[in-house]
Amino acid sequence: MVIGSLLRSIAHSLLSTGDYAEAIRLTRDAVDFYEPHLAKPSPTMLSVYGTHPLSWSMAAARHDDRAAAREFLEEASVAARRLGHDSN
């Protein structure tokens, strides 16, 4: 979960510097990192993961990539439904 939090911090840094394309690339890499952990995630893992797609959707929207923004928002919605409550 520490690595996941670090990936989110890096994505926020990239957003703040306007490097939206790199933030989106990092997002794709982070999804690959999380994938094996999402089959049976702990509530904490799912909560940490669920914060990422919201950041990613901002990067995609600022990069005018509407399809990716919608994809990431949907992923956040799926994570929230799986968790079942607000843990953040």
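Higher on the page you've got the structure.
On a predicted model such as this, the values are computed, not experimentally measured, just so you know.

A. Expanded view of the overall build of the chain. On a plain count of helices and strands, the chain comes out with 4 helices and 0 strands. For a compact globule of 88 residues, the expected C-alpha radius of gyration is about 12 Å, and the chain comes in at 12 Å, within 12% of that figure. Projecting the C-alpha coordinates of the chain onto the three principal axes gives extents of approximately 35 × 25 × 20 Å. Looking at the chain as a whole, 38% of its 88 residues qualify as buried. Across the chain, every contact between residues at least 6 apart in sequence was considered, and the portion connecting residues at least 24 apart equals 63%.

B. Summary view of the nonpolar core. In this structure, Y34, Y49 and A60 are the most contacted members of the largest nonpolar core, which totals 22 residues. When residues of this core are traced back to their parent elements, those giving at least two are helix 1 (2–16), helix 2 (20–34), helix 3 (43–62) and helix 4 (66–83). It is helix 3 that provides the largest number of residues to this core, a total of 7 residues. Those residues in contact with A60 that sit more than four places away from it in its chain are I24, D65, A68, A69 and F72.

C. Representation of the pattern of salt bridges. Applying the stated criterion across every chain, the model contains 3 salt bridges. As a salt-bridge pair, E22 and R25 come within 2.5 Å of each other at their nearest N and O atoms. Of the two residues, E22 and R25 are both situated in helix 2; the distance of 3 residues between them amounts to about one turn of the helix. For E22, a relative accessible area of 27% puts it in the partly exposed group. In this structure, E74 and R81 form a salt bridge, with 3.3 Å as the shortest nitrogen-oxygen distance. In this structure R81 comes out as exposed when scored by relative accessible area, which is 55%. One continuous salt-bridge network, built from bridges that share partners, spans E22, R25 and D29.

D. Looking closely at helix 3. The terminal C-alpha atoms of helix 3 lie 30 Å apart, and with 20 residues this matches the ideal 28 Å at 1.5 Å per residue to within 8%. With 14 of its 20 residues buried, helix 3 lies for the most part within the structure. One or two steps after helix 3, the chain reaches D64, where phi turns positive at roughly 60°.

E. Representation of helix 2 within the structure. Along its 15 residues, helix 2 runs 21 Å from first to last C-alpha, staying within 8% of the 21 Å computed at 1.5 Å per residue. Listed as buried for helix 2 are A23, I24, L26, T27, A30 and Y34. Seen end-on, helix 2 carries its buried residues on one side only, within an arc spanning 160°. In this structure, the buried residues of helix 2 make contact with helix 1, helix 3 and helix 4.

Rules of the game
- Residues numbered from 1 in each chain as written.
- Predicted model: local features only at pLDDT ≥ 70, side-chain atom pairs only at ≥ 80, totals over all residues.
- Heavy atoms only, no water.
- Helix = DSSP H or I, 4+ residues; strand = E, 2+ residues; numbered from the N terminus.
- Rg over C-alpha atoms; globule rule 2.2 N^0.38 Å.
- Buried < 20%, exposed > 50% of the residue type's maximum accessible area, 1.4 Å probe, protein only.
- Contact = heavy atoms within 4.5 Å.
- Core = buried A, V, L, I, M, F, W, Y, C linked by side-chain atoms within 4.5 Å.
- Salt bridge = Lys/Arg side-chain N within 4 Å of Asp/Glu carboxyl O.
- Expected span 1.5 Å × (residues − 1).
- Arc of directions from axis to C-beta.

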